[in-house]
Amino acid sequence: MNNMCKKRVNYFEMLLGVITLVFGILIEARLQITGETQTPNISRFAGMLTGFGCGILIVGVVRLLRNRFSSKEKLKEREIEKNDERNIQLTRAAYTVAAMGALFLFVILAFVYILLGAYLESWLAIGAMYIEVIIFGIAYRVIGKKM
């Protein structure tokens, strides 16, 4: 990825963070103005949006500053390291382990939700598990055709 493309990605990331942050603040402000205290779940959701937006914004700013103030040699070294075959294989292996861990977690959550009597949540966990398996299958076929 060239430098201009990286800047665009960073700016998009920061914009997404600002939008999410503002959306969370507006939801919380609306709850405070209307005095709706019966909806703590919406307040928690607004807090999650605010935190998520701040996180995305900070990551975008840090990446932009790091790319701006790094030397040309350091940027070239990072690019070479990023495109190194060993690092690519390590990343793919780590993603595979993480995906299998998430699949295992969805199975455990489905059983726990059933035990607790939360049937809707168990169906959501099972649905997420199937979506993950479908994504894996599609990615396997697409990547297999490219190789």
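Bear in mind that the values here come from a model prediction, so they are computed numbers and not experimental data.

Draft legend 1. Looking closely at the environment of Cys-5. With respect to the secondary-structure elements, Cys-5 resides in helix α1 (residues 3–34). Note on Cys-5: relative accessible area 33%, which makes it partly exposed. When the C-alpha positions of Cys-5 and Leu-65 are compared, they lie 15 Å apart, and in sequence the two are 60 residues distant.

Draft legend 2. Highlighting a nonpolar patch on the surface. Taken together, the side chains of Phe-104, Ile-108, Val-112 and Leu-116 define a hydrophobic patch exposed on the protein surface, amounting to about 400 Å² of accessible area. The exposure class of Leu-116 is exposed, given its relative accessible area of 65%.

Draft legend 3. How the structure looks around helix α4 (residues 85–116). In this model, α4 (32 residues) spans 46 Å end to end at C-alpha, consistent with the 46 Å of a helix rising 1.5 Å per residue. One or two steps after α4, the chain reaches Gly-117, where phi turns positive at roughly 85°.

Draft legend 4. Layout of the environment of Tyr-119. Structurally, Tyr-119 is set in helix α5 (residues 119–146). The class for Tyr-119 is exposed, based on a relative accessible area of 51%. A sequence separation of 23 residues divides Tyr-119 from Val-142, and the C-alpha atoms of the two residues are 35 Å apart.

Draft legend 5. Geometry of helix α2 (residues 40–69). In this model, α2 (30 residues) spans 43 Å end to end at C-alpha, consistent with the 44 Å of a helix rising 1.5 Å per residue. The set of residues buried in α2 consists of Ala-46, Leu-49, Gly-53, Ile-56, Gly-60, Leu-64 and Asn-67.

Draft legend 6. Seen up close, the pattern of salt bridges. Applying the stated criterion to the full structure yields one salt bridge. Glu-13 is the partner of Arg-63 in a salt bridge, and the nearest nitrogen-oxygen pair spans 3.4 Å. Residue Arg-63 is located in helix α2, and its partner Glu-13 is located in helix α1; the two are separated by 50 residues in the primary sequence. According to the relative accessible area criterion, Glu-13 is buried, its value standing at 16%.

The rules behind the values
Per chain, residue numbering runs from 1 following the sequence as it is written. The model is predicted, so local features are restricted to residues of pLDDT at least 70 and side-chain atom pairs to those at 80 or more, both for listing and for counting; the totals for chains, interfaces and linings are taken over all residues. Side-chain figures throughout are based on the complete set of non-hydrogen atoms in the structure, without hydrogens or water. Only DSSP runs of H or I with at least four residues qualify as helices, and only runs of E with at least two residues qualify as strands; both kinds are numbered from the N terminus onward. Accessibility here uses a 1.4 Å probe with only protein chains present; expressed as a share of the type maximum, an area under 20% marks a residue as buried, one over 50% as exposed, and anything in between as partly exposed. Each patch is built from residues that are more than 30% exposed by relative accessible area and take part in no salt bridge. Like charges join if they lie within 9 Å; nonpolar side chains (Val, Leu, Ile, Met, Phe, Trp, Tyr) join within 5 Å. Reported accessibility uses the Shrake-Rupley method at a 1.4 Å probe radius. Residues are deemed covered only where the shown protein chains occlude them. Any Lys or Arg side-chain nitrogen found within 4 Å of a carboxyl oxygen on Asp or Glu counts as a salt bridge. One less than the number of residues in a helix, times 1.5 Å, gives the span that helix is expected to have.

Functional significance is not addressed by these values, which are geometric in nature.
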